[in-house]
Amino acid sequence: MADSTGLQFVSPYAFEAMQKVDVVRLAALSDPELRLLLPCLVRMALCAPADQSQAWAQDKKLILRLLSGVEAVNSIVALLSVDFHALEQDARKEQQLRHKAGGSNGESILVSQLQHGLTLEFEHSDPLRRLRLTLSELLAIMNKVADSNGEFFLKSSELFESPVYLEEVADVLCILQAELPSLLPIVDVAEALLHVRNGDWFLCLLVANVPDSFNEVCRGLIKNGERQDEESVSGRRRTEALRQLCQMNPSQALNIRAMVVEECHLPGLGVALTLDYKPDTADEAVSPLVSYVSGLLLGTNGKVRTWFSMFIRNGQQRESSSVLWQMRRQLLLELVAILPRSRSTHGPNDSDMEDVGSGYSGLREEYVVKASALLRLYCALMGIAGLRPTDEEAEQLLQLMTSRPPATPAGVRFVSLSFCKLLAFPNLVSTPEQEQLMVMWLSWMIKEEEYFESAAGVSASFGEMLLLVAMYFHSNQLSSIIELVCSTLGMKIAIKPSSLSKMKTIFTQEIFTEQVVTAHAVRVAVTNNLSANITGFLPIHCIYQLLRSRAFTKHKVSIKDWIYRQLCETTTPIHTQLIPLIDAYINSILTPASKANPEATNQPVTEQEILNVFQSSAGEKSRRARYTITTQLLILYYILSYEENLLASTKQLALMQKKPKSYSAALMDQIPIKYLVTQALGLQQELGGLHSALLRLLATNYPHLCLVEDWMCEEEVTGTLPLLRRMMLTSNTCRYTQSQLHQAFQKLPSSSPRLMRILEHLTLLSPGDLIPYADALTASMALLLEPAVPRRILQTLNKLWMGLNTVMPRRLWVMTVNALQPSAKLLRQQRYSQNDLMVDPLIVLRCDKRVYRCPPLMDIVLHMLNGYLLASKAYLHCHLKETADFDRQSQTVSNLGLPGQPDTPEVTREELKNALLAAQDSAAVQILLEVCLPTCEEQQLGANTESLLSDLREVQCLICCMLHQMFIADPNIAKLVHFQGYPQALLPLTVAGIPSIHICLDFIPELLAQPQLEKQIFAIQLLSYLCTQYALPKSLSVARLAISVMGTLLTVLTHAKRFSFFMPTLPCLVAFCQAFPPLYDDVAALLVQVGQVCASDVATKARDIDPLIARLQYLKEKPQEVLSPGGGSSKLSLPQRTAEELVGADPDVQLCYRVEATFMDIISSSLHGL
């Protein structure tokens, strides 16, 4: 709005005085300044105030005294004497008339019969007519604005353009708006004033006379503004008007700028206000312009970023007077102001490199932060907003980027930003001189990197970034370089990979050859106390990329020591790059870099180095303090992952005739795997994904350490209740030594009370604190098998053993197995190792026989047996995997040219392994079932007392629980055991005590089809108990099949076999009928058929057989009449025979009597059931 140049605007001092009604300040204003504020002051003096205080009365007198000497006050008083109510009615009528006429300037109610122009009419008119003229003109403009649909127009009006009458028109305008606020809303008036010349001046006067409306007017103008104000005349006029308003009230400039950003309108206004802003206290670090523009382009609001980027792109096409060019000039001035004074773009010579002070004065320390902010801002302007730098801007930017900051953390950050900006915008380097300057600067970075890292005291320096970029260039991972640049700069920039070709050539051929990279990387110091809290690019990033690209093996550079040292210098929270580093390292050990050179691999960590991390003897407290739990967990992850990958790569390694060494079992036995994993459980948040990765490896390679029972037991040991109990254990509590515990065991049973006190005290300790007592607890277990040992001691020992099992299971199991050996073996001092027990898990059951009747210890034995069965499976699987591929490869090599020697099929080895495992499991089950049988003494005792509260019963329950779990885990075990068979006396126990035994219904038909008579008998006996326990439709169908098989066998069995088969199976028919009454007819028919066959064979031997057959037919047809209603005397009395008569009788005779007894049992059970 250059048309208002030369007019006097309201000063910030005057506006603040009006806003605060500061009479003293108002009195200090000059006459021209006071003239602009007269409308408000006159109304203030004449109108009745709402404030009736004495202070305001005094201020009002001062205002009247101030106005008394101003001549223009009289004309304003005359304007206020008009009847504004009538004026408003006429104005509304005119509005209605114009609305009906379609907005044409026809007949006017406010103004009629204009004989001269508006200016002359205004000059010759009285106050009322002046108000009418101005109101008519203003309403006409407002109506046209409302009908313009956003199209801008500039209204030519004599009234608002004549410099002679501007002050009088402004007075009229202010009075009209103040007296007719409903007719003339101040926001609408402000919008209309933008369409006349001198509109910004009128607007400032209007707002100055109504200072409370400042924010309302500004917000209205911004809301109605354009998204891009530099592209149109209306936008530029609106921006200029708002800029003048903010110059009048500078305290609100930042609030108005915030409105601009909130509405995403008038971006030029926001920049202009920032340029105009003069803070009270200058921030030496970053200027307001840099902060504002950086916030817009680098903030999280994508809408604001797009809006301002469009302003930058469009503004580059306009002339140099635009706000954008003003912003660029200001930024360039700020950039030049912080440059070292002696810089130039000519390439430095060698002496310059030696003497940094001559010609290469560094960046001053107080400017480093500001320089970093400017670099990021120019990156955002060029990368996000598409700013095309001028030659001067590019020249000065390159000078700033290649300057040398002091060795401070901010200096390290500045160098990293400069380096990334060079990669992001390589077109800044256009001449050979500039390219030489960049190369010399990069060489300086390499030379000074170590000094910067040590002097600045930071772990992440720019040296690692240089190495990392060099490695990416060598491996042609340009996308990774782009991600690195964007991550460092903190913004997403579209960088074309093709633009990096020049930088790639410089890096790979002039500065960093691949051999230099690898040799330099190994010499880089490891990061002390590496954790996720250390951000930036670290040596570990460089080593990881070199491992992935196989640079170390290619150039025969050993990296093992560096990785080991870095793993030893770690802490929580774990750095995210550590696990990928270990995986890449393991891959480089097992997989050669090329098939042509299979020896090109890295060396694994030695066993002694691993032991150094885990050794924790009492004399090595300093070493224990050195290696943190994080280091131990990472080394554990390395070992387990190495072993797993070694097994997975056996085929490829066998083809290359290469067999890397596996870690020994002795080493694995010395690593407290379960204890470390338990510790990791409580640090899951700080360990990232390490805990879950360890669990996966354990489940695969050490399934016996992942038993469900162990996890549940850990909840009991580490839960809230044990924690509360341990809190009760004060520091001055009596502490017992291992020797005291050992002595208490040796003096049993007399020392039972003392031993109980010691054991109860130990239950309050955490599992980790129990480890020193493990030897004493396990070595004396055999002493607890004596008859006089209290049960409470046994139960407490069991509880302590389960607690120790959560932290040291493998070592504890070996100690326990050796301690529970029979006394004869103990005399021979036969000690089993971990490997012995994994090869033959049944050693666990070769313990002292008294253990089988000691439930607390039997529980421990079963727990160990379950674990070693799983361990044996994993051991055999690994053994098969380790040897299969190499054996097959060696056979292939040895059999070359020798036909007729076929290779051993792989399936045979797998089948042998599965057969061995099945034999182990079934043998364990058979031994456990045998343990369930009562001894002779127990049978005699059981005959006298039928109590269920016995050690035998408790042991049977424990064994049944374990068998139930084994059958669920592998149903084939149940099938194999039942095809082998076991004593019939155990069937009531197994069917009632093993819930999963119902799966036997699936394979009983197959068992019935076996040719061995013993298996068929066992199948029918098992089925009889299953039908009673599980009266299901499936049981009914299998029972029908069994009855059918019995009928078939009756016709094919020989005389001797018939007796052997039916004597034990006929009583089973009673259970069938009891479980399924519909089977009665089939069973009765079978019994009659068996009786007839037997009777026909002995017809000549026994005279009473025919009456027997008659009785059987009667029993079949009328079973309900067999028992008398009165209580039990049979109409057909069964002859009572002694056992001697039955044993000495003919087998067929015995079978006949067994048939009759079976009939009577069926009838009796059915009637009792009713």
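Residues numbered from 1 in each chain as written. Predicted model: local features only at pLDDT ≥ 70, side-chain atom pairs only at ≥ 80, totals over all residues. Heavy atoms only, no water.

Where an unreviewed UniProt entry is consulted, the chain appears under the name Integrator complex subunit 2, with the organism given as Myripristis murdjan. Listed under Sequence similarities (unreviewed entry) in UniProt, the entry text for the chain is "Belongs to the Integrator subunit 2 family." Looking at the Subcellular location (unreviewed entry) heading of the UniProt record, one finds this comment for the chain: "Nucleus". (UniProt positions renumbered as here; feature names shortened; annotations may be inferred.)

Participant: Give me the overall build of the chain: which residues, what numbers.
Facilitator: Helix and strand content of the chain: 66 helices and zero strands. Looking at the chain as a whole, 52% of its 1170 residues qualify as buried. Within the chain, contacts between residues at least 6 apart in sequence are counted, and of these 74% link residues at least 24 apart. When the accessible surface of the chain is summed, it comes to about 53,500 Å², and 54% of that surface belongs to carbon and sulfur atoms. (Helix = DSSP H or I, 4+ residues; strand = E, 2+ residues; numbered from the N terminus. Buried < 20%, exposed > 50% of the residue type's maximum accessible area, 1.4 Å probe, protein only. Contact = heavy atoms within 4.5 Å. Areas by Shrake-Rupley, 256 points an atom, 1.4 Å probe, with all protein chains shown as cover.)

Participant: For the nonpolar core, give the residues involved together with the corresponding values.
Facilitator: Leu 245, Phe 419, Phe 507, Ile 610, Tyr 638 and Ile 671 are the most contacted members of the largest nonpolar core, which has 242 residues in total. The element best represented in this core is helix H22 (residues 368-383), accounting for eleven residues. With 131 residues, the next largest nonpolar core counts Val 977, Leu 1007, Cys 1073 and Tyr 1080 among its residues. (Core = buried A, V, L, I, M, F, W, Y, C linked by side-chain atoms within 4.5 Å.)

Participant: Could you give an account of unusual backbone geometry, naming the residues involved and the relevant values?
Facilitator: Glycine aside, a negative phi is what most residues show, and trans is what most peptide bonds show. Along the chain, Thr 572 connects to Pro 573 via a cis peptide bond; the corresponding omega equals -5 degrees. Tracing the sequence through the fold places Pro 573 in the loop between helix H32 (560-568) and helix H33 (578-590). Although it is not a glycine, Val 21 adopts a positive phi angle of roughly 50 degrees. Here Val 21 is to be found in the loop between helix H1 (12-20) and helix H2 (23-27). Judged by its relative accessible area of 32%, Val 21 is partly exposed.

Participant: If you had to explain the pattern of salt bridges to someone new, which residues and values would you point to?
Facilitator: Under the defined criterion, the tally for this structure stands at 29 salt bridges. The partner of Glu 609 in a salt bridge is Lys 560, with the nearest N and O atoms 3.5 Å apart. Of this pair, Glu 609 sits in helix H34 (residues 607-614) while Lys 560 sits in helix H32, placing them 49 residues apart in sequence. There is no split in this pair, since Glu 609 and Lys 560 are both buried. Within the structure, one salt-bridge network assembled from shared partners comprises Glu 16, Lys 20, Asp 22 and Arg 25. (Salt bridge = Lys/Arg side-chain N within 4 Å of Asp/Glu carboxyl O.)

Participant: Lay out the packing of helix H20 (residues 323-338) against helix H23 (residues 391-401) in plain terms, naming residues and giving numbers.
Facilitator: The relative placement of two packed helices comes down to the angle between their axes together with the axis-to-axis distance. In the contact formed by H20 and H23, the axes pass within 10 Å of each other and the chain directions differ by 30 degrees. With respect to their mutual orientation, H20 and H23 come out roughly parallel. At the point where H20 passes H23, the crossing takes the left-handed sense. Contacts from Arg 328, Leu 332, Leu 335, Val 336 and Ile 338 in H20 reach Glu 392, Glu 393, Gln 396, Leu 397 and Leu 400 in H23. Considered class by class, the residues forming the contact of H20 with H23 number six nonpolar, one polar and three charged. (Axes fitted to C-alpha atoms, helices over the stretch in contact; angles between N-to-C directions. Parallel < 35°, antiparallel > 145°, perpendicular 65-115°, else oblique. Left-handed = near helix turned anticlockwise from the far one by under 90°. Nonpolar A, V, L, I, M, F, W, Y, C, P; charged D, E, K, R; others polar.)

Participant: Any details on helix H44 (residues 738-746)? Residues and values, ideally.
Facilitator: Among all positions of H44, only Leu 741, Ala 744 and Phe 745 are buried. Take H44 and look down its axis: the buried residues cluster within an arc of 100 degrees, on one side only. (Arc of directions from axis to C-beta.)

Participant: Run through the environment of Val 207, naming residues and quoting values.
Facilitator: Considering the arrangement of structural elements, one finds Val 207 in helix H13 (residues 199-209). Not counting chain neighbours up to four residues away, the residues in contact with Val 207 comprise Phe 15, Ser 213, Phe 214, Val 217, Leu 245 and Met 248.

Participant: Describe the environment of Trp 562, naming the residues involved and giving the relevant values.
Facilitator: With respect to the secondary-structure elements, Trp 562 resides in helix H32. Each C-alpha atom, one on Trp 562 and one on Val 526, is 7.2 Å from the other, the two residues being 36 residues apart in sequence. With near-sequence residues (within four places) excluded, Trp 562 lies in contact with Ala 521, Val 522, Val 524, Ala 525, Val 526, Pro 539, Ile 540 and Ile 543.

Participant: Residue-level account of the packing of aromatic side chains, with values.
Facilitator: For the structure on display, the rule yields twelve aromatic pairs. Ring geometry for Phe 308 versus Phe 311: centroids 5.4 Å apart, planes at 45 degrees, classification tilted. Within this pair, Phe 308 and its partner Phe 311 are both found in helix H19 (residues 302-315), separated by three residues, close to a single helical turn. For Phe 308, a relative accessible area of 0% gives the class buried. With 6.1 Å between their ring centres and 70 degrees between their planes, Tyr 638 and Tyr 663 make a pair best called edge-to-face. Here Tyr 638 is found in helix H36 (residues 629-648), whereas its partner Tyr 663 is found in the loop between helix H37 (650-655) and helix H38 (665-669), with 25 residues between them in sequence. A single burial state applies to Tyr 638 and to Tyr 663, both of which are buried. (Phe/Tyr/Trp six-rings, centres within 6.5 Å; stacked < 30°, edge-to-face > 60°.)

Participant: Help me get a handle on the confidence of the model for the chain, residues and values and all.
Facilitator: Put simply, the chain has an average pLDDT of 79, and 81% of its residues get 70 or more. Between residues 892-903, whose pLDDT stays under 50, and residues either more than four places distant or in other chains, the model counts five contacts. Low pLDDT (under 50) marks residues 1124-1144, which in the prediction has 16 contacts with non-local residues, meaning those over four places away or in another chain. (pLDDT = per-residue confidence, 0-100.)

Participant: Describe the side chain of Ser 641, naming the residues involved and giving the relevant values.
Facilitator: Among the structural elements, Ser 641 can be located in helix H36. On the basis of relative accessibility, which here comes to 3%, the residue Ser 641 falls in the buried class. If sequence neighbours within four positions are ignored, Ser 641 has contacts with Asp 583, Ile 586 and Leu 697.

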